[in-house]
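# Examination of the molecular architecture
So the chains spell out like this:
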Amino acid sequence: AQKITQTQPGMFVQEKEAVTLDCTYDTSDQSYGLFWYKQPSSGEMIFLIYQGSYDEQNATEGRYSLNFQKARKSANLVISASQLGDSAMYFCAMREGSGGYQKVTFGTGTKLQVIP
Amino acid sequence: NAGVMQNPRHLVRRRGQEARLRCSPMKGHSHVYWYRQLPEEGLKFMVYLQKENIIDESGMPKERFSAEFPKEGPSILRIQQVVRGDSAAYFCASSPWRQNTEAFFGQGTRLTVV
């Protein structure tokens, strides 16, 4: 079974509109962390936002927020007021395991294109 | 405070040659992770190292691939006798301790095997 599932290979959004990128995860651990990374065409991986499994509040970082629904095992990324520079690949990822180190599993990504 | 540094950024090798990818973690970080990204795919975990120790190499191919993180100097991912299927982007990440909220990624090395 896939640990991280991103069902949207590609998305379009109008500039200044909000967009939601879906992510569901599968784990039996009680303690885990969820991440979103942005990969622009230049190729680097840019950390956007993090949600711990015990965090009661949804994480927010500027225009990024993570809609964490633990019972449904979903961790959707919401980008408000989209900008042209938001066009990129977006990866959802999960850190799990009681072994104490940060082995992270990535989803296959969603390609977001912002339309002027 | 420099971030995670990977070099080279781009590497071209002929089939059968060796590829050496270097990763210098952020200052103060003693944990290094290597990931591989095949075209149109997400990142796949390869190996996790601490200084002078390989902790988890469950994602490493059994043959031709090796990694090290010596006491001094960068972490090295070594691919011997490269084949076309090794063409990918290889990312290194570092963190200061075992459980951290994020790993800091380098810009990646794009390996092309011709």
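To be clear, the structure that these remarks concern was listed above.
The structure presented is a predicted model; accordingly, all values stated were derived computationally and were not measured.

### Some words on the overall build of chain B
Assigned secondary structure in chain B consists of zero helices and eleven strands. Across chain B, helices and strands are ordered from the amino to the carboxyl terminus as β-β-β-β-β-β-β-β-β-β-β. Taking the principal axes of its C-alpha atoms as reference, chain B extends roughly 35 × 25 × 25 Å. Burial status across chain B gives 45% buried among its 114 residues. Of the roughly 5900 Å² that chain B leaves accessible, carbon and sulfur atoms contribute 47%. Averaging the positions of the 17 positive and the 11 negative side-chain charges in chain B gives two centres separated by 6 Å.

### A word on the overall build of chain A
Looking only at helices and strands, one finds zero helices and twelve strands in chain A. Secondary structure of chain A in N-to-C order comes out as β-β-β-β-β-β-β-β-β-β-β-β. Here the C-alpha atoms of chain A give a radius of gyration of 14 Å, agreeing with the 13 Å that 2.2 N^0.38 yields for 116 residues. Projected onto its principal axes, the C-alpha coordinates of chain A cover approximately 45 × 30 × 20 Å. Taking all 116 residues of chain A together, 48% fall into the buried category. Taking as baseline every contact in chain A between residues at least 6 positions apart, the subset at least 24 positions apart corresponds to 54%.

### Remarks on the pattern of salt bridges
Summed over the entire model, instances satisfying the criterion amount to five salt bridges over all chains. Residues A:Arg63 and A:Asp86 are paired through a salt bridge, measuring 2.8 Å at the closest nitrogen-oxygen approach. Remark: A:Asp86 occurs in the loop between strand 9 (74-79) and strand 10 (88-96) and A:Arg63 occurs in the loop between strand 7 (60-61) and strand 8 (64-69); sequence separation between them is 23 residues. For A:Arg63, a relative accessible area of 22% translates into the label partly exposed. For A:Asp86, a relative accessible area of 2% corresponds to the buried category. When salt bridges that share partners are traced, they join B:Glu18, B:Arg20 and B:Arg78 into one network.

### Section: the nonpolar core
Counting residues in hydrophobic clusters, the biggest one holds 24 residues, and the most contacted among them are A:Tyr25, A:Trp36, A:Ile49, A:Leu77 and A:Tyr90. For this core, the secondary-structure elements that each account for two or more residues are strand 3 (19-21), strand 5 (32-39), strand 6 (46-52), strand 8, strand 9, strand 10 and strand 12 (110-115) of chain A. Among the nonpolar cores identified, the runner-up in size contains 23 residues, and B:Val4, B:Val47, B:Ile79 and B:Leu111 belong to it.

Calculation notes
Residue positions are given per chain, counted from 1 along the sequence in the order it is written. Think of it this way: whatever chain is written first is A, whatever ligand is written first is 1, and the rest follow in order. Confidence filtering applies because this is a predicted model: local features only for residues at pLDDT of at least 70, side-chain atom pairs given and counted only at 80 or more, and all residues used for totals across whole chains, interfaces and linings. To get the side-chain values, all heavy atoms of the structure are used, and hydrogens and water are removed first. Strands are runs of DSSP state E lasting at least two residues, helices are runs of H or I lasting at least four, and both sets are numbered from the N terminus onward. Note on exposure labels: buried denotes an accessible area under 20% of the residue type's maximum, exposed denotes more than 50%, and partly exposed covers the range between, all computed with a 1.4 Å probe on protein chains only. Exposure was quantified through the Shrake-Rupley algorithm and a 1.4 Å probe, taking into account, for residues, occlusion by the shown protein chains and nothing else. His residues and chain termini do not enter the charge count, which takes Lys and Arg as positive and Asp and Glu as negative. Every charge is mapped to an atom, namely NZ of Lys, CZ of Arg, CG of Asp or CD of Glu. Two things to know: the radius of gyration comes from C-alpha atoms, and the globule rule equals 2.2 Å times the number of residues to the power 0.38. Residues are treated as being in contact if the distance between any of their heavy atoms lies within 4.5 Å. Here a salt bridge means any side-chain nitrogen of Lys or Arg lying within 4 Å of a carboxyl oxygen belonging to Asp or Glu. Side-chain atoms within 4.5 Å are what join buried Ala, Val, Leu, Ile, Met, Phe, Trp, Tyr and Cys residues into a set we call a nonpolar core.

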